[in-house]
Amino acid sequence: SVEAMDALGCCYDFPEEGIRRDPAKAYAWYRVAAMKGHAQAQNNIAKLLAEGDGVKKNMRRAVFWYKKAADQGNGMAQFNLAEKYRWGEGVRKDLRESVKWYKKAALQGDIDAQYILGDLYGHGDGVRKDNKEAVKWLRMAAEKGDAEAQTSLGVHLFYGEGVQKNWEEALFWYRKAARQGSSNAQANIGRCYKHGHGVEKDPQKGIKWFKKAASGGNTKSCLLLAQAYEQADGVGEDLRQAACWFRKAALLGDEEGMRELGIRYHEGLGVRRSFVRAVKWYRAAAGKGDSWAQYCLGMCYRDGEGVRRNKAVARKWMQLAAANHVREARKALERLE
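These remarks concern the structure in this document.

Quick notes on the rules
- Residues numbered from 1 in each chain as written.
- Predicted model: local features only at pLDDT ≥ 70, side-chain atom pairs only at ≥ 80, totals over all residues.
- Heavy atoms only, no water.
- Helix = DSSP H or I, 4+ residues; strand = E, 2+ residues; numbered from the N terminus.
- Rg over C-alpha atoms; globule rule 2.2 N^0.38 Å.
- Buried < 20%, exposed > 50% of the residue type's maximum accessible area, 1.4 Å probe, protein only.
- Contact = heavy atoms within 4.5 Å.
- Areas by Shrake-Rupley, 256 points an atom, 1.4 Å probe, with all protein chains shown as cover.
- Lys, Arg positive; Asp, Glu negative; His and termini not counted.
- Charge placed at Lys NZ, Arg CZ, Asp CG, Glu CD.
- 1 Å grid on protein atoms, 1.4 Å probe; cavity = no way out; pocket = protein on both sides within 12 Å on 5 of 7 lines; lining within 4 Å.
- Points joined across faces, edges and corners; volume = space filled by probe spheres on them.
- Nonpolar A, V, L, I, M, F, W, Y, C, P; charged D, E, K, R; others polar.
- Axes fitted to C-alpha atoms, helices over the stretch in contact; angles between N-to-C directions.
- Parallel < 35°, antiparallel > 145°, perpendicular 65-115°, else oblique.
- Left-handed = near helix turned anticlockwise from the far one by under 90°.
- Polar contact = N/O pair within 3.5 Å; in protein donor to acceptor, adjacent residues only side chain to side chain.

1. A short note on the overall build of the chain
When helices and strands are counted, the chain shows 19 helices and 0 strands. Over its C-alpha trace the chain gives a radius of gyration of 26 Å, far above what one expects of a compact globule, namely 20 Å for 337 residues. For the chain, the C-alpha atoms occupy an extent of roughly 80 × 50 × 45 Å along the three principal directions. Here the chain, with 337 residues, has 46% of them falling under the buried criterion. When contacts within the chain are restricted to residue pairs at least 6 apart in sequence, those whose partners lie at least 24 apart make up 42%. Working note: accessible area of the chain is about 17,400 Å², and carbon and sulfur atoms make up 47% of it. When the 59 basic and 42 acidic side-chain charges of the chain are each reduced to a single mean position, those positions are 4 Å apart.

So this is what it looks like as structure tokens:
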């Protein structure tokens with residue numbers, strides 16, 4: 001039977017412990033079942049083709065089989081086909097077609113499809129922006145335990161987007177996501193305690209949550225911690241700690257963290273003053289498009305701080321900053337001329 005053929009393919013694709021996996025044989029059995037119209041086998045063969053696993057990679061052929069399975073109502077294939085249309089893999093990019101297939105998968109209970117639909121409607125990506133529709137799909141996924149959906153639903157509730165503003169319920173969903181390790185949710189809880197939104201104001205508890213989020217790689221929390229140590233907000237003033245948190249954000253690739261660390265080295269705030277290190281971090285942030293870092297880097301080249309004085313290079317960076325609406329850069333350019 002076709003079910004037995006698909007099952008045999010699964011045995012080679014997902015073997016029991018101690019048995020060597022053989023994706024080529026899995027492909028062969030899936031193909032026999034797929035040719036006879038078995039929807040799950042069609043989805044499985046498409047996955048192997050999409051990944052080039054046991055067979056030569058062929059994204060267009062993968063889309064063909066995903067479509068066959070999706071038309072038969074296979075939820076996994078519907079989601080996979082939506083992804084191909086969304087990113088233009090093996091088929092021309094078509095966000096509307098992508099949304100159509102996400103909806104079909106979501107209505108069959110696919111959590112990822114429900115979350116993605118919520119995100120697409122919330123941003124107006126491929127569909128007309130509709131926060132009420134976004135909340136509907138996000139709530140479905142959130143109630144099934146998806147941490148990203150719980151966080152996003154909390155944000156909609158916090159700001160009253162597509163739903164009545166409710167800080168207490170927003171915090172409820174943030175906490176659910178935070179327990180699953182969501183650093184964004186942890187950071188949002190920190191903000192709630194910092195400002196007293198939905199909970200009694202407690203800057204020290206806010207710091208605790210920011211630290212949890214920062215340990216999970218949340219760069220915004222690193223920046224908020226740095227600011228807290230500089231401004232003695234919930235902690236004692238400590239410029240060295242502030243610089244450490246700016247450094248963590250910078251090392252995580254955050255352009256604001258890079259720029260602010262450059263400023264700390266330039267001014268000697270919480271670190272030993274070093275124009276060379278200031279230039280290093282200004283350059284990193286400027287390369288990511290940070291306009292103030294571009295201005296600071298231009299000034300370093302103008303004044304010969306950390307680099308050899310170079311008027312042409314100074315002008316280049318100042319022009320970039322000026323084009324990004326840094327008023328100080330425009331004034332500096334006038335003086336440079």
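Anyway, onward from the coordinates.
2. A few points about the layout of surface pockets
Within this model, the largest pocket holds a volume of roughly 260 Å³. Taken together, the elements giving at least two residues each to the lining of the largest pocket come down to α7 (111-123), α8 (131-143), α9 (147-159) and α11 (183-195). Elements with a contribution of two residues or more to the lining of the second largest pocket: α3 (39-51) and α5 (75-87). With 4 residues, α3 is the largest single contributor of residues to the lining of the second largest pocket. Partitioning the lining of the second largest pocket into residue classes produces 5 nonpolar, 2 polar and 3 charged.

3. Quick look at the packing of α7 against α8
Taken N-terminus to C-terminus, the directions of α7 and α8 make an angle of 160°; their axes are 7 Å apart at the nearest point. One finds that α7 runs roughly antiparallel with respect to α8. Once α7 is placed against α8, the crossing between them reads as left-handed. Only N131, E133, A134, W137, L138, M140 and A141 of α8 make contact with α7, whose side of the interface consists of I111, Q114, Y115, L117, G118, D119, Y121 and G122. Looking at side-chain class alone, the contact of α7 with α8 contains 9 nonpolar, 4 polar and 2 charged residues.

4. Digging into the side chain of N80
Position of N80 relative to the elements: it lies in helix α5. Only 3.1 Å separates the side chain of N80 from the side chain of N43, close enough to count as a polar contact. When neighbours within four sequence positions are excluded, N80 is seen to be in contact with N43 and Y66.

5. Some points on empty space enclosed by the protein
Using a probe with the size of a water molecule, rolled over the atoms, empty space left in the structure can be pinpointed. Tallied over the full model, the rule gives 1 cavity of 30 Å³ or more. Reported here for the largest cavity is a volume of approximately 50 Å³. Lining the largest cavity, in full, are K194, P203, I207, F210, L224, A228 and D233. Counting residues per element, the ones that place at least two in the lining of the largest cavity are α12 (203-215) and α13 (219-231). With 3 residues, the single largest contributor to the lining of the largest cavity is α12. When grouped by side-chain class, the residues that make up the lining of the largest cavity number 5 nonpolar, no polar and 2 charged.

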